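One-letter residues, chain by chain:
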Amino acid sequence: MLHHVIEVALPPIIALCELIGIVVVTITAIQCFYKYLKGLVTRKPTDFKVELAHGLASALEFKMAAEILKTVLVQSLDELIILGAVILLRALMALLIHLELKEQRDRQPAAAGSGWKD
């Protein structure tokens, strides 16, 4: 009984997590592209890279949540290996984005007072 409920309820939840990740990436990319174009027109430097990295990191978290939920539905070792590889790649991307954000914050002067913490 519980197995059937999980098989029925989990796919829409997984799809919702994936969709949220896609929406976050799309909205963030559009906003950052707008800021980039605005910076080109006004010739003022804009720091859209940090905002883009934050959006990508957030989207990756939703996508990884979906992958973790998929582990419940795995029925063969081959599926588990592929799923593990996808999770590993997404975790590495999240780590690289985190390191990029840390590097960007370290480059900013302390007087800027961004207020971001690790």
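Use the structure listed above.
Residues numbered from 1 in each chain as written. Predicted model: local features only at pLDDT ≥ 70, side-chain atom pairs only at ≥ 80, totals over all residues. Heavy atoms only, no water.

Asker: Explain the nonpolar core to me, and be specific about the residues and the numbers.
Answerer: Formed by V50, A53, L60, A94, I97 and L101, the largest nonpolar core amounts to 6 residues. Among the elements of the structure, α2 (48-70) and α3 (77-107) are those that each provide at least two residues to this core. (Core = buried A, V, L, I, M, F, W, Y, C linked by side-chain atoms within 4.5 Å. Buried < 20%, exposed > 50% of the residue type's maximum accessible area, 1.4 Å probe, protein only. Helix = DSSP H or I, 4+ residues; strand = E, 2+ residues; numbered from the N terminus.)

Asker: With reference to specific residues and values, describe α3.
Answerer: Between its first and last C-alpha, α3 extends 45 Å over 31 residues, near the 45 Å set by a 1.5 Å rise per residue. Listed in full, the buried residues belonging to α3 are L83, R90, A94, I97, L101, Q104 and R105. Buried residues in α3 make contact with α1 (2-42) and α2. (Expected span 1.5 Å × (residues − 1). Contact = heavy atoms within 4.5 Å.)

Asker: Break down unusual backbone geometry for me, citing the residues and quoting the values.
Answerer: The backbone of R43 shows a phi angle near 60°, a positive value even though the residue is not glycine. With respect to the element layout, R43 can be found in the loop between α1 and α2.

Asker: Before we move on, could you go through the packing of aromatic side chains and cite the residues and values that matter?
Answerer: The relative placement of two aromatic rings is captured by the distance of their centres and the angle of their planes. Tallying each qualifying case throughout the model produces 2 aromatic pairs. On the numbers, 5.5 Å between centres and 70° between planes, the contact of Y36 with F48 is edge-to-face. With Y36 in helix α1 and F48 in helix α2, the pair connects residues that are 12 residues apart, well separated along the chain. Chaining the aromatic ring pairs together yields one cluster made of F33, Y36 and F48. (Phe/Tyr/Trp six-rings, centres within 6.5 Å; stacked < 30°, edge-to-face > 60°.)

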